[in-house]
Amino acid sequence: MDRIQISNLRFLGGFVGICIIGFLLAADSVDAAEAGRAKRVLMLFSGSQFAPGSALVQRTVEEVLQKGPPAVEFYAEHLDASRFPEESHYQLFREYLQAKYAQNPPDVIVAFLIVKFELAGRLPAELFPGIPVVLGALTEDEVPEKGFGSHVTGVVQRIDFPGALELILKLHPDTERIVVIGGTAALDRRYLRLTEEAARSLAGRVDFDYWTTRAVAEMRQAVASLTPRTVIFFTTVFRDATGKTFLPASVASMLAVQSSVPVYVVADSLIGGGTAGGLVAHLEALGRR
């Protein structure tokens with residue numbers, strides 16, 4: 001799949017559910033001897049099984065595909081790449097998948113929330129060559145430009161960073177300062193870059209203060225003393241400036257409880273525990289698409 005096709009993933013949303021069913025039905029006709037067995041859907045997540053977003057997407061995919069036909073068996077594996085980014089951990093995960101699914105390979109692979117792009121490219125190609133892959137991501141920026149073949153399709157949810165910032169100013173028209181909180185992991189940096197790009201159009205209307213070189217423990221204390229007419233825009237913190245790793249939902253809730261000002265977030269999985277919400281990516285909708 002080339003760069004043009006990758007960038008057009010956002011247009012495939014209405015068809016991905018049909019694609020998965022189509023892949024499964026096609027697999028039904030490949031081997032008549034296996035026509036009666038349930039089809040295996042392997043969901044690969046780059047994040048932790050304890051991340052609210054992963055759980056929400058997994059539950060929604062299962063709800064949709066259980067309506068069948070055909071009958072489906074679900075398997076889910078979590079790389080937890082943000083907390084274990086080492087190549088040695090990836091190799092252990094690869095060997096584990098290879099041994100576990102050697103006798104019963106999946107019919108379709110569904111890869112979500114890509115922190116390590118290998119989940120959508122290198123892993124399936126190495127372990128399950130030729131098996132269809134359906135990719136789900138939150139921004140086009142998460143989708144690698146290379147490494148896909150004709151058996152890969154997918155959908156992008158698209159986080160609207162400009163719209164999220166505009167909504168904050170609409171709800172809080174007296175805002176003078178937006179504190180942007182993010183981390184140092186690869187995905188954290190991507191979201192911060194997109195936020196910085198969106199903030200350029202608001203130059204002169206509001207000041208932006210980027211908290212990207214602070215430890216989470218330090219930020220927890222600092223948010224308690226923020227002055228009025230300030231709003232927090234929380235992107236993601238998978239890793240802070242000290243190298244400590246986190247689940248973003250836990251950090252968002254921790255800061256919101258301590259904060260003296262509203263905390264807005266980028267995804268519905270980060271809502272709760274005191275955050276104010278915002279114009280967020282809808283992970284349940286991503287799972288359904």
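Report follows, based on the coordinates. (Residues numbered from 1 in each chain as written. Predicted model: local features only at pLDDT ≥ 70, side-chain atom pairs only at ≥ 80, totals over all residues. Heavy atoms only, no water.)

**Things to note about the nonpolar core**
Here is step 1: Counting residues in hydrophobic clusters, the biggest one holds 61 residues, and the most contacted among them are Ile181, Phe233 and Phe234.
Here is step 2: Here this core gets six residues from one element, more than from any other, and that element is helix H7 (residues 186-199).
Here is step 3: Not counting residues within four places of it along the chain, the set of residues in contact with Phe234 comprises Ile181, Pro248, Val251, Ala252, Leu255, Val263, Tyr264, Val265, Val266 and Leu270.
Here is step 4: In terms of nonpolar packing, the next biggest core, distinct from the first, is built from 15 residues, Leu44, Leu79, Tyr90 and Phe93 among them. (Core = buried A, V, L, I, M, F, W, Y, C linked by side-chain atoms within 4.5 Å. Buried < 20%, exposed > 50% of the residue type's maximum accessible area, 1.4 Å probe, protein only. Helix = DSSP H or I, 4+ residues; strand = E, 2+ residues; numbered from the N terminus. Contact = heavy atoms within 4.5 Å.)

**Section: the side chain of Thr235**
Here is step 1: Looking at the element boundaries, Thr235 is found in the loop between strand E8 (230-234) and helix H9 (248-258).
Here is step 2: For Thr235, a relative accessible area of 0% gives the class buried.
Here is step 3: If sequence neighbours within four positions are ignored, Thr235 has contacts with Phe161, Val180, Ile181, Gly182, Tyr191, Leu192, Thr195, Val266 and Leu270.

**Examining the sheet that holds strand E9 (residues 263-264)**
Here is step 1: Pairing is parallel in the open sheet, where four strands are placed in the order E7-E6-E8-E9. Strand pairing shows two members of the sheet lacking a second neighbour, strand E7 (207-211) and E9, which therefore form its edges.
Here is step 2: Contacts between helix H6 (residues 161-171) and the sheet are confined to strand E6 (177-181), E7, E8 and E9, with E8 contributing the most and set at about 155° to the helix.
Here is step 3: Packing of H9 onto the sheet brings it into contact with E6, E8 and E9, and relative to E8 it is tilted by some 165°. (Pairing = 2+ DSSP bridges. Axes fitted to C-alpha atoms, helices over the stretch in contact; angles between N-to-C directions.)

**Quick notes on the pattern of salt bridges**
Here is step 1: Tallying each qualifying case throughout the model produces 11 salt bridges.
Here is step 2: A salt bridge links Glu166 to Arg205; its shortest N-O distance comes to 3.4 Å. Residue Glu166 is found in helix H6, and its partner Arg205 is found in the loop between H7 and E7; the two are separated by 39 residues along the sequence.
Here is step 3: Note that Glu176 and Arg229 form a salt bridge whose closest N and O atoms lie 3.0 Å from each other. (Salt bridge = Lys/Arg side-chain N within 4 Å of Asp/Glu carboxyl O.)

**Describing the sheet that holds strand E1 (residues 39-45)**
Note on sheets: strands pair through backbone hydrogen bonds, and any given pair is parallel or antiparallel.
Here is step 1: Strand order in the open sheet formed by five strands is E2-E1-E3-E4-E5, with parallel pairing between adjacent strands. One side of each edge strand has no neighbouring strand; the edge strands of this open sheet are strand E2 (72-78) and strand E5 (152-156). Pairwise comparison of adjacent strand axes, ignoring direction, gives a mean angle of 20° for this sheet.
Here is step 2: With seven bridges joining them, E1 and E2 adopt parallel strand pairing. Bridge pairing links Leu44 to Glu77 in E2.

**Some thoughts on the packing of aromatic side chains**
Here is step 1: Using the criterion set out here, one finds six aromatic pairs in the structure.
Here is step 2: Their ring planes at 80° and their centres at 6.4 Å tell us that Tyr101 and Phe128 sit as a pair that is edge-to-face. Here Tyr101 is found in the loop between helix H4 (87-100) and strand E3 (108-112), whereas its partner Phe128 is found in the loop between helix H5 (122-127) and strand E4 (133-137), with 27 residues between them in sequence.
Here is step 3: When its relative accessible area of 4% is taken as the criterion, Tyr101 is described as buried.
Here is step 4: Site record: aromatic cluster; members linked through ring pairs are Tyr75, Tyr101 and Phe128. (Phe/Tyr/Trp six-rings, centres within 6.5 Å; stacked < 30°, edge-to-face > 60°.)

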